Amino acid sequence: MKLILRILLSAVAVVILSKILPNVSVDTYGTAIIVAVVLSLLNFIVKPVLVILTLPVTIVTFGLFLLVINAIIILLASNFITGFNVNGVLWAIIFSLLLSLLQSILFSVLKEDKKK
């Protein structure tokens, strides 16, 4: 149940960001749910491999290269999903940062509800 709520909250965050950011678009709410699932799968499978392969660059840049890795994951999802489009690496970085911020806010609300 918790996984489904997290995916739905991530989909809400994707929809909100697609309304705010001019170079990010999501066609439907169903596409946003698919984006949330694909992003979570890519973060689970592809991101650890990329982090290990780029560890020296990440160390030299004091971890800032992780922003590029997140942008690559966003752009991969954009290529896999037809109704989701991100134009450019800069917008992928901005989308990634704002998505992380929105998810942390929404997930903290979920944790507060569980404590009550």
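Refer to the structure above for everything that follows.
Residues numbered from 1 in each chain as written. Predicted model: local features only at pLDDT ≥ 70, side-chain atom pairs only at ≥ 80, totals over all residues. Heavy atoms only, no water.

Structurally, the position occupied by N70 is in helix α4 (residues 65–80). A relative accessible area of 16% places N70 in the buried class. In this structure the side chain of N70 is engaged in a polar contact, spanning 2.9 Å, whose partner is the side chain of K47. Beyond its immediate sequence surroundings of up to four residues, N70 is in contact with K47 and S96. (Helix = DSSP H or I, 4+ residues; strand = E, 2+ residues; numbered from the N terminus. Buried < 20%, exposed > 50% of the residue type's maximum accessible area, 1.4 Å probe, protein only. Polar contact = N/O pair within 3.5 Å; in protein donor to acceptor, adjacent residues only side chain to side chain. Contact = heavy atoms within 4.5 Å.)

Further remarks concern the environment of I69. Secondary-structure assignment places I69 in helix α4. With a relative accessible area of 1%, I69 lands in the buried category. A sequence separation of 27 residues divides I69 from S96, and the C-alpha atoms of the two residues are 9.9 Å apart. Those residues in contact with I69, other than ones at most four positions away along the chain, are K47, L50, V51 and T54.

This next bit is on α4. Look at α4: 23 Å from first C-alpha to last across 16 residues, which is about the 22 Å you get at 1.5 Å a residue. Along α4, the residues classified as buried are I69, N70, A71, I73, I74, A77 and S78. (Expected span 1.5 Å × (residues − 1).)

Attention now moves to the environment of A13. Within the fold, A13 resides in helix α1 (residues 2–20). You can call A13 buried: its relative accessible area is 0%. Taking the C-alpha atoms as reference points, A13 and L3, separated by 10 residues in sequence, lie 15 Å from one another. The contact partners of A13, leaving out residues within four places of it in the chain, are L99, L102 and L106.

Once that is clear, we can look at the packing of helix α2 (residues 29–53) against α4. Packed helices, taken two at a time, are described by the angle their axes make and the gap between the axes. Two elements in contact, α2 and α4, have axes whose closest approach is 10 Å; the angle formed by their N-to-C orientations is 135 degrees. Relative to α4, α2 is oriented oblique. Helix-helix and strand crossings are classified by hand; for α2 and α4 the assignment is right-handed. In this structure, α2 contributes V38, L39, L42, N43, V46, K47, L50 and V51 to the contact, and α4 contributes L66, I69, N70, I72, I73, I74, L76, A77 and F80. (Axes fitted to C-alpha atoms, helices over the stretch in contact; angles between N-to-C directions. Parallel < 35°, antiparallel > 145°, perpendicular 65-115°, else oblique. Left-handed = near helix turned anticlockwise from the far one by under 90°.)

Residues M1, I4, L5, L8, I33, V37, L41, F44 and I45 make up a contiguous nonpolar surface patch of roughly 890 Å² in combined accessible area. Within the residue set of the nonpolar patch, elements represented by two or more residues are α1 and α2. Of the residues forming the nonpolar patch, the biggest block, 5 residues, is contributed by α2. As for its position among the elements, M1 is in the segment before α1. (Patch = residues over 30% accessible without salt bridge, like charges linked within 9 Å, V, L, I, M, F, W, Y side chains within 5 Å. Areas by Shrake-Rupley, 256 points an atom, 1.4 Å probe, with all protein chains shown as cover. Salt bridge = Lys/Arg side-chain N within 4 Å of Asp/Glu carboxyl O.)

Ranked by size, the top nonpolar core spans 27 residues in total, and within it V14, L39, I74, F84, F95 and L99 carry the most contacts. Mapped by element, the contributors of at least two residues to this core are α1, β1 (24–26), α2, α4, β2 (84–86) and α5 (89–115). Residues contacting F95, with those up to four places away along its chain left out, are V14, L17, L21, V24, I74 and F84. (Core = buried A, V, L, I, M, F, W, Y, C linked by side-chain atoms within 4.5 Å.)

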